[in-house]
Amino acid sequence: MDTPPDLDRALDALYAAFSRYPLPAKTDVCDHCVSAERVRAARAAPLRMLTASALEPYAWNGLSTWGDVEEFKHYLPRLMELLILEELDGLHAPSLMLRLGVRWHSWRKIEQEAITATIDAWWRHTLNHYPRDVDVMTMIEIIADSLELDLAPYLAEWESNTTEAAARHMAWLMHDFTVSIARNTEWDALLDNWIRGPAPAAILERGFFSASSPEAAQKLSDALETHRIWRRH
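Let us look at the structure shown here. All values reported here derive from a predicted model rather than from experimental measurement.

## Regarding the pattern of salt bridges
Next up, step 1: Taken as a whole and assessed by the stated rule, the structure comprises 12 salt bridges.
Next up, step 2: Across the pair R48 and D12 runs a salt bridge whose closest N-O atoms are separated by 3.2 Å. Highlighted residues: R48 in the loop between α2 (36-41) and α3 (52-61) and D12 in helix α1 (residues 5-17), separated in sequence by 36 residues.
Next up, step 3: Assessed through its relative accessible area of 39%, R48 is described here as partly exposed.
Next up, step 4: Taking the relative accessible area as the measure of exposure, D12 reaches 43% and is therefore partly exposed.
Next up, step 5: Overlapping salt bridges bring together D12, R48, R78 and E81 as one network.

In structure tokens:
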């Protein structure tokens, strides 16, 4: 999949912001958790050439049984890029972004700005493509819960997105959100109020009338009915 220019720019800026963290000469790793061969694989190529398979062991173990914060910062741009490109399994996203979220507010401003810009571009890329390995609800949880960013602008961007993919994500969310467990957080209340409002119906109707297939139209129609029921409760 070709990456859009805004995503390319965000990733380039992310790499630049974290370029001051070289790969350490030595790393502290639990040899019961990670084999020496896997450690060597994660250190065997320039950062932007490391594959998902080479970095997957680090994605599981970074900051817990492998390396320190500076080593995490070294790998972070490539890990985020591989997640966005769907080369690294999306199951890694919640854990990696949680490890980032508990630390990044104390980092340098340029690093915080680069991370935010990358998240913004990742969100747009998600809305423009369906389905996604990291689904839209997981993205919302990363944005609002793990990274503690203001969710409102991201929802506003969803409202203005006219692609069928954005509507399909909304149809998917109509099911996922209605069966999710309440989190009793400000952002969850914001999302709940937004879903009960007119925006989801507008997104779904727009997608329905321009659907590319009968199957897509049916899913959007079903989601509209779910939304009508959701708003009554």
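## Looking at unusual backbone geometry
What you tend to see is this: most non-glycine residues have negative phi, and most peptide bonds are trans.
Next up, step 1: Cis geometry marks the peptide bond from Y130 to P131; its omega dihedral reads -5°.
Next up, step 2: At L63, a residue that is not glycine, the phi angle is positive and equals roughly 75°.
Next up, step 3: Along the chain, the position of L63 falls in the loop between α3 and α4 (69-84).
Next up, step 4: You can call L63 buried: its relative accessible area is 18%.

## Observations regarding the packing of helix α11 (residues 199-209) against helix α12 (residues 214-231)
Next up, step 1: Two elements in contact, α11 and α12, have axes whose closest approach is 9 Å; the angle formed by their N-to-C orientations is 160°. Judged by the angle between their axes, α11 and α12 are roughly antiparallel. Between α11 and α12 the crossing geometry is left-handed. Where α11 approaches α12, its residues P200, A201, L204, E205, G207 and F208 are matched on the opposing element by A217, L220, S221, A223, L224 and H227.

The rules behind each value
Residues numbered from 1 in each chain as written. Predicted model: local features only at pLDDT ≥ 70, side-chain atom pairs only at ≥ 80, totals over all residues. Heavy atoms only, no water. Salt bridge = Lys/Arg side-chain N within 4 Å of Asp/Glu carboxyl O. Helix = DSSP H or I, 4+ residues; strand = E, 2+ residues; numbered from the N terminus. Buried < 20%, exposed > 50% of the residue type's maximum accessible area, 1.4 Å probe, protein only. Axes fitted to C-alpha atoms, helices over the stretch in contact; angles between N-to-C directions. Parallel < 35°, antiparallel > 145°, perpendicular 65-115°, else oblique. Left-handed = near helix turned anticlockwise from the far one by under 90°. Contact = heavy atoms within 4.5 Å.

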